[in-house]
Each structure stands twice: as structure tokens, then as C-alpha cells.
Amino acid sequence: VKNVLFSSRPRQTLKEIVFRRISISQISPYKTEGPAIATFYGRNKELRKILGSHRRSFTILGARKIGKSSLLRRLDKELNEMGAFVFYMDLESPSNPDYNSFLQRMEGEINRVFNDDIRFQNDIDRFTAEIKKLPKGNKKLVFIMDEIDELLLYDREHDFRLVKSLRSLFHEGYCQFVFSGFEVLQNVKRDIQSPLYNFSEEILLGPLEETFARDLIKEPMG
């Protein structure tokens, strides 16, 4: 207080005192960690393709930190606003490395959305049967599975029981799926012997177009 009161430039002195004691990330206009939700830029082409489809599932491939989760979070928001039943699961945080953890978490998501008490009893066949009975009416039912690589490794060791069930649900018209991942998902998706092959349309996510990159810099700072 003394330094501010006796300074010839009190406003500047106060700024210097505050900035010495606060992490710059706390006052940054940018989203520095996790998916960008409020400050979302670009990816309009990918969003339009997914939102405009009722008969396709999608696989989003891309390097880490390229924006896959940001895209899927925006997709979740847009689908909910359209009135769809949406189940968004980040399978990496917390980790879902096996069927039990995945099915238990999926139980929670479905019961949250439908306000029900459905139990899969850690059984993939029961999971498939319960999904077929969900009262979705004329609404879209969409499962968004972000960072599926670790679960996919486990599924591959068990003859792709989960992917085969998801593929069956999709082809029988019960729901759509949007997957995202990196190296494991890419390799499995492009393996002609895999049940993921020709299951979903591939979208390869690259860097933002220049105009959106400029907006990402300028608009939050403004």
C-alpha cells in the first residue's frame, strides 16, 4: 500500500505488484489446458459433415493436442441443442482400460441421460440388449468416445468383442458412433481384418486453417 500511495505512477506500480504475485495463466484470455469449449475456432467443415449425417459413424484421427477433444466437445454441445441423446465419454481421463470400467461408466452416462437404473452387469451382450431397448423415439442416439486407443488395445486382445457389438448396433440402426484416437485407432481402423474397417468414415484432423488460426490469436486478446 505504501509503495502505491507514494508512487508517482500509482496505477503502474499496482500493476507491477499484482503481476509479480499472480501466474500469467490465471489472467490469460486463452484456454491453456484441456479442450477448448468457449474459445472454439474452425473445424466447421468437420462439424457440418457429422451433424448432417443420420446414417454414418465417424472416426476422428489426429496427433495429440491437434484439437480432437475440442471438436468432440463442440459436437456434444451442438447435438444436445438439436435434441439428440448424446453420451460423451473421455476414455482416457479417467482411464477406461477394460470392459468392466467402460461398462460401469457407460451405465452411469445412460442412467443420467434417461433418468433410469439400467445395469449391464459387466456383460457386453447385456449392454447391447439394453441399448436396443432405450426409449429414444425419433431422436438420434449418439455415442462419442474420445481417446479410445487404450480400450481398443484391450478389445483387440479379446477378439474385438466390444467393437463387434458397437458395429452391430450401428448397422441395425439403433445409434451412431464417433470415435477419436491416435496411432492405435488409426492402425486398427485401416486393418482390413478389423471390425472397425469400413465401420465408420475417417476424418483426418490437421492444423487449423490460417484464417481460424489468426482468429484464435486475435479475438481472445481483443
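In this report, the structure presented in the accompanying data block is examined. This structure is a prediction, so every number in the text was calculated from the model and none was measured.

What helix H7 (residues 149-157) keeps buried is the set Asp 149, Leu 151, Leu 152 and Asp 155. The buried residues of H7 occupy an angular sector of 155° when the element is viewed end-on, so they sit on one face. Buried residues in H7 make contact with helix H5 (99-114), helix H8 (161-171), strand E4 (176-181) and helix H9 (183-189). At the C-terminal side of H7, Asp 159 shows a positive phi close to 60°.

What follows is about the environment of Val 184. Inspection of the secondary structure assignment puts Val 184 in helix H9. For the pair formed by Val 184 and Leu 61, sequence separation is 123 residues and the distance between their alpha carbons is 10.0 Å. Non-local contacts of Val 184, meaning those with residues more than four positions away in its chain, are made with Asp 149, Leu 152 and Leu 153.

We now examine the packing of aromatic side chains. What characterises a pair of aromatic rings is the spacing of the ring centres plus the angle enclosed by the ring planes. What the rule picks out here adds up to 11 aromatic pairs. Where Tyr 99 meets Tyr 154, the ring centres are 4.9 Å apart and the plane angle is 90°; that geometry is what we call edge-to-face. In this pair, Tyr 99 sits in helix H5 while Tyr 154 sits in helix H7, placing the two residues 55 residues apart along the sequence. Judged by relative accessible area, Tyr 99 falls into the buried class, the value being 8%. The exposure class assigned to Tyr 154 is partly exposed, which follows from its relative accessible area of 25%. What links up through ring pairs into an aromatic cluster is the set Phe 85, Phe 87, Phe 114, Phe 143, Phe 170, Phe 177, Phe 179 and Phe 199.

Our next topic: empty space enclosed by the protein. Applying the stated criterion to the full structure yields 1 cavity of 30 Å³ or more. In this structure, the largest cavity encloses a volume near 40 Å³. In terms of residue count, the dominant contributor to the lining of the largest cavity is E4 (3 residues). Along the lines of polarity and charge, the residues of the lining of the largest cavity split into 6 nonpolar, 2 polar and 2 charged.

Time to look at the packing of helix H6 (residues 124-132) against H8. At a closest axis distance of 10 Å, the pairing of H6 and H8 adopts a crossing angle of 15°. If you check the angle between H6 and H8, you find them roughly parallel. Handedness of the crossing formed by H6 with H8: right-handed. For the pair formed by H6 and H8, the contact residues are Ile 124, Asp 125, Phe 127, Thr 128, Ile 131 and Lys 132 on the first element and Arg 161, Leu 162, Ser 165, Leu 166 and Leu 169 on the second. Taken together, the residues of the contact of H6 with H8 sort by class into 6 nonpolar, 2 polar and 3 charged.

Calculation notes
- Residues numbered from 1 in each chain as written.
- Predicted model: local features only at pLDDT ≥ 70, side-chain atom pairs only at ≥ 80, totals over all residues.
- Heavy atoms only, no water.
- Buried < 20%, exposed > 50% of the residue type's maximum accessible area, 1.4 Å probe, protein only.
- Helix = DSSP H or I, 4+ residues; strand = E, 2+ residues; numbered from the N terminus.
- Arc of directions from axis to C-beta.
- Contact = heavy atoms within 4.5 Å.
- Phe/Tyr/Trp six-rings, centres within 6.5 Å; stacked < 30°, edge-to-face > 60°.
- 1 Å grid on protein atoms, 1.4 Å probe; cavity = no way out; pocket = protein on both sides within 12 Å on 5 of 7 lines; lining within 4 Å.
- Points joined across faces, edges and corners; volume = space filled by probe spheres on them.
- Nonpolar A, V, L, I, M, F, W, Y, C, P; charged D, E, K, R; others polar.
- Axes fitted to C-alpha atoms, helices over the stretch in contact; angles between N-to-C directions.
- Parallel < 35°, antiparallel > 145°, perpendicular 65-115°, else oblique.
- Left-handed = near helix turned anticlockwise from the far one by under 90°.

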